[in-house]
Amino acid sequence: MTRPARRPEGDPGDADLVLRVRAGDRGAVDDLYDRFRRPAFALARRILADDTLAEDVVQDVFLSVWRDPHAYDGARGSFSSWLMAMVHHKAVDAVRREEAHRRRQSRAEDDLALRAPTSAHDVEDEAWTRVVSERVRLALGTLPDAQREALTLAYYGGYTQREVAALTRAPLGTVKTRMLAGMRRLKEELGAVAGATAGGALSDSAAVDGGAR
């Protein structure tokens, strides 16, 4: 372990500087930093293998000394030993945080990769649904009023054939005929693929025995 350089005669000891820090003397923290910065950085750098992280650890250690100088107990050993132990502890914590961060990032990237095909598929489905919906709306506009009214109530309103009959005050048989004729016209307008999609949705919405919404 790198040790601090020998202090000139008359230079205040570590314990004296700690007492001054406890009295609120910020200059004493600067003196301690100048005295122990190099050995503290060397220890943190050896553990972290990263200059920036090591410097962050050293800064954090001396900030802790300023905030809580009473954490050092002179009866349990020298200040330098206590300080280096804190550097070691914080450097190891930093290694653990970096490892945890890398693991989380790796998991997030893996999850994103797994979700990507599904997300793309969902976007395609949504786009196709919008296209079909717009084509259905335009095709409905080409139908006679009675057929359009019945299919609009079923497709957009979700009403059953019985409910459509009640709402339009038309016999159930008439409503069935209108909707069947309308769906045939829609299939002709939309084409086989889109017509099958729209027709299936309309058939589901217009089930005779379906319950109310």
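Position numbers for residues count from 1 along each chain, tracking the sequence in the order it is written. Given that this is a predicted model, residues contribute local features only at a pLDDT of at least 70 and side-chain atom pairs are listed and counted only at 80 or more, while totals for whole chains, interfaces and linings are drawn from all residues. The side-chain quantities take in all heavy atoms of the structure and omit both hydrogens and water.

Colleague: How should the nonpolar core be read in this particular structure?
Modeller: Looking at soluble globular proteins, one finds that nonpolar side chains tend to be buried together. Here, nonpolar core means buried Ala, Val, Leu, Ile, Met, Phe, Trp, Tyr and Cys residues that are tied together by side-chain atoms lying within 4.5 Å of each other. Only protein chains enter the accessibility calculation, which uses a 1.4 Å probe; a residue whose area is less than 20% of its type maximum is buried, one above 50% is exposed, and one in between is partly exposed. In this structure, Leu-32, Val-57, Phe-79, Leu-83 and Val-87 are the most contacted members of the largest nonpolar core, which totals 25 residues. Elements that contribute at least two residues to this core include exactly helix 1 (14-22), helix 2 (26-48), helix 3 (51-67) and helix 4 (79-140). Residue contacts are defined here by distance: any two heavy atoms, one from each residue, within 4.5 Å place the two residues in contact. Leave out the neighbours within four places in its chain, and Leu-32 touches Leu-17, Val-21, Arg-37, Phe-62, Val-65 and Phe-79. Grouped together as the second largest cluster of nonpolar side chains are 17 residues, Val-136, Ala-154, Tyr-155 and Ala-170 included. Numbering goes from the N terminus for both helices and strands, where a helix is a DSSP run of H or I of at least four residues and a strand is a run of E of at least two.

Colleague: In this structure, what is going on with the packing of aromatic side chains? I would like to understand it.
Modeller: Any aromatic ring pair is given by two values, namely how distant the centres are and how the planes are angled relative to each other. We call Phe, Tyr and Trp rings a pair once their centres come within 6.5 Å, taking the six-membered ring for Trp, and we label the pair stacked below 30 degrees between planes, edge-to-face above 60, and tilted otherwise. In this structure the tally under the stated criterion is five aromatic pairs. When the ring of Tyr-72 is compared with that of Phe-79, the centres are 5.4 Å apart and the planes differ by 90 degrees; the resulting orientation is edge-to-face. As far as the burial class goes, Tyr-72 and Phe-79 line up, both buried. Of note, Arg-26 hangs over the ring of Trp-66, and the distance from its end group to the ring centre comes to 5.2 Å. By the criterion adopted, a ring carries a charge over it if an Arg CZ or a Lys NZ lies within 6 Å of its centre and within 35 degrees of its normal.

Colleague: Looking at this structure, how should I read the layout of surface pockets?
Modeller: Rolling a probe over the atoms, with the probe sized like a water molecule, indicates the empty space that remains. Roughly 160 Å³ of volume is contained in the second largest pocket. Every residue lining the second largest pocket is listed: Arg-26, Val-29, Asp-30, Tyr-33, Gln-59, Phe-62, Leu-63 and Trp-66. If you list the elements that add at least two residues to the lining of the second largest pocket, you get helix 2 and helix 3. The nonpolar class holds Ala, Val, Leu, Ile, Met, Phe, Trp, Tyr, Cys and Pro. Asp, Glu, Lys and Arg form the charged class, and all remaining residues, Gly among them, are polar. Along the lines of polarity and charge, the residues of the lining of the second largest pocket split into five nonpolar, one polar and two charged. Cavity: a set of points on a 1 Å grid over the protein atoms alone where a 1.4 Å probe fits but cannot get out. Pocket: an open set with protein on both sides within 12 Å along at least five of seven lines, its lining residues, like those of a cavity, having an atom within 4 Å of a point. Grid points are joined across faces, edges and corners, and a volume is the space filled by probe spheres set on the points.

Colleague: I keep staring at helix 1 and nothing clicks. Help me out?
Modeller: Every α-helix winds through 3.6 residues per turn, so residues three or four apart in the chain are directed the same way. Buried residues of helix 1: Asp-14, Leu-17, Val-18 and Val-21, and no others. Each buried residue of helix 1 sits inside an arc of 100 degrees when the element is viewed along its axis, so together they form one side. Where helix 1 terminates, the next one or two residues include Gly-24, which has phi positive at roughly 95 degrees. Taking the helix axis as origin, the arc is that swept by the directions to the C-beta atoms.

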